[in-house]
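# Chain and residue survey
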Amino acid sequence: MNFNHALRVGIRTGIAFAVVAIFIILTGMVESFADRELLLVGTLGTVILIILGILPGLMAGRTVFQQAQSEEKGTSTTSVLLAGSIAGFFVGLSEAILVFLLANANLRTVLVNATQDLYEVLTFGLPTTQAMLLWLVAGTLLGLMGAALQIAPGRARLIILALFSLWILASLLETEFLVFLAVIALLGLFTRWYTGRHLPSGTPFKQAQWRHKVFFGVVLVVWLLVMTVGPAILGDYWARVLLFVGIYTMLGLGLNIVVGFAGLLDLGYVAFFAIGAYTMALLTSAESSLGLEMSFWVALPICMVTAAITGILLGFPVLRMRGDYLAIVTLGFGEIIRILLLSDMAKSITGGPQGVLGTAPPELAGFVFNKPLHYYYLVVLGCLLVAFVSARLVYARIGRAWVAMREDEDVAEAMGVNLVRYKLLAFATGAAFAGISGGIFASFQKAIFPADFTLFVSINVLVLIIIGGIGSIPGVILGAAVLVGLPEVLREVDDYRILAYGALLVIMMIVRPEGLWPAPRRKMELHESDETGPDIAPVSSST
């Protein structure tokens, strides 16, 4: 590994991150959080700027480090530090140039967030020249710190990152969550102490197995406590948040069957959600044009069946389509359903833009579900049911047929897999799950409108699957918690949710392309090349 290579890596990484840093600054994020003080010292805006300086150094250092490892050469600490400092310098240079432009040009005619307040934030009250010099020096030092973090011992790096994360969480989270995290930490320390003190005799393998059993037992108990008692303690607001996490979990598990298991890219999934919701509203509402006023429990299976039939009807015309073509057609289907709900033609039934009001709540032995907490427990039962059915399907003959179809339709058909049958089954099953979640959603909302079923819902569900891990049931649940629940926990960054989506996806593709909790098969596929070396990728055909 020579210095020229480190120089090239540093310049390339620095320029890329400089663009990212300027983009994030000009979105207004740094300015928005400039007054948000953190625990003990600093503001959130300053921390964002520090992270934007450290990350390029870390990434450049990592690239040089991994390159040296792959070439089986000794890692040069100087090369890693050089690459990191150069990458940080370029980020600092870009910020210094931005300070200069803010001071000498009216950028606001083009960039609405290039305000005087942003200039004050970036200069820290210093004159322009001093602020520019500060950014050059600070950028270089922060890049150097990032590279030093890369070559630090693993345990030291872990401790530093853990302390930094705890500091940010302690500053941003509410007291209830801090108490919850403290309890989890104490429980983890107790478990570690207990397993170390009561270690059974035997081989190291048996002892490791025993540790794993205790660990998963504790995790299961904590999870059950959190899911059952937590919302009741935290109140209606957090019950509502967890309720929507559950609804998106059901949607994610349904789309996971279509996209993750069967490999059919469906961008119009929100249509089935809408059909389930409108079916529930039309069947149970006293203000519905149908006037049926059914019970929630009778209407819910009808929602599921109606959505499943619609899934089959969509599946027929797209049987021969694959890849991008299928995505475009399903995207159009989702928009057609939304426009149909808005149209004058269906207004006498669906209510047009005014939607359907007065959806009836569930009643059970005289008990009326009228609070978010009540619906939360209903959604938990729905999630358990959908997760159970998904798990049974994926490990059954149907699941294996879906996987074979996803990997190669021609080979699967040659091996006897009935493509028509299994594609329609995937569409119907995924749509049925969306119908259940739509029915519960409509009952909880009491009123539904076409604006509730935009393309953004489909994108959200698809994104949570990708981030959680395509084809992984625990990954979908984790993805829903991260993308739906986390913005509510960190409400102060909720305005930048879309930006967070993009950043998460980019980080995912770099760090964990298989997802946060990937399916074992997909993880094996993605890392197969790491073990066997580079190979020529097969050419896939699209129809």
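Scroll up a little and you will see the structure.
This text gives an overview of the structure that appears in the document. Nothing here was measured: the structure is a model prediction, and the numbers come from that model.

### Considering the pattern of salt bridges
Within this structure, the stated rule accounts for 3 salt bridges. As a salt-bridge pair, Glu409 and Lys423 come within 3.2 Å of each other at their nearest N and O atoms. Highlighted residues: Glu409 in helix α18 (residues 409-414) and Lys423 in helix α19 (residues 419-445), separated in sequence by 14 residues. Since its relative accessible area comes to 11%, Glu409 is described here as buried.

### Here's the deal with the packing of aromatic side chains
One pass over the full model with this rule turns up 17 aromatic pairs. Considering the side-chain rings of Tyr269 and Phe272, the 6.0 Å spacing of their centres and the 70° angle between planes classify their relative orientation as edge-to-face. A single burial state applies to Tyr269 and to Phe272, both of which are buried. Relative to Trp297, the ring of Phe296 lies with its centre 5.0 Å away and its plane at 90°, an arrangement referred to as edge-to-face. Relative accessible area serves as the criterion here: at 1%, Phe296 is assigned to the buried category. What links up through ring pairs into an aromatic cluster is the set Phe244, Phe273, Tyr278, Phe296, Trp297, Phe367, Phe369, Tyr375, Phe441, Phe444 and Phe453.

### Notes on helix α1 (residues 3-26)
An ideal rise of 1.5 Å per residue puts 34 Å on 24 residues; α1 measures up with 34 Å between its terminal C-alpha atoms. Contact partners of the buried residues in α1: α2 (29-32), α3 (44-70), α4 (77-104) and α5 (116-123). Positive phi shows up at Gly28, right after α1, with a value of about 95°.

### Concerning helix α6 (residues 128-151)
Taking 1.5 Å of rise per residue, the 24 residues of α6 would be expected to cover 34 Å, and the 35 Å separating its terminal C-alpha atoms lies within 8% of that figure. Every buried residue of α6 is listed here: Thr128, Ala131, Trp135, Gly139, Leu142, Gly143, Gly146, Ala147, Leu149 and Gln150.

### Here we look at the nonpolar core
Trp402, Ile440, Ile448 and Phe453 are the most contacted members of the largest nonpolar core, which has 81 residues in total. In terms of residue count, the dominant contributor to this core is helix α11 (residues 236-261) (13 residues). Once residues within four sequence positions are removed from consideration, Ile448 is found in contact with Ala277, Tyr278, Ala281, Gln354, Gly355, Val356, Phe441, Ala442 and Phe453.

Rules of the game
Residues numbered from 1 in each chain as written. Predicted model: local features only at pLDDT ≥ 70, side-chain atom pairs only at ≥ 80, totals over all residues. Heavy atoms only, no water. Salt bridge = Lys/Arg side-chain N within 4 Å of Asp/Glu carboxyl O. Helix = DSSP H or I, 4+ residues; strand = E, 2+ residues; numbered from the N terminus. Buried < 20%, exposed > 50% of the residue type's maximum accessible area, 1.4 Å probe, protein only. Phe/Tyr/Trp six-rings, centres within 6.5 Å; stacked < 30°, edge-to-face > 60°. Expected span 1.5 Å × (residues − 1). Contact = heavy atoms within 4.5 Å. Core = buried A, V, L, I, M, F, W, Y, C linked by side-chain atoms within 4.5 Å.

Bear in mind that shape data such as this cannot, by itself, settle questions of function.
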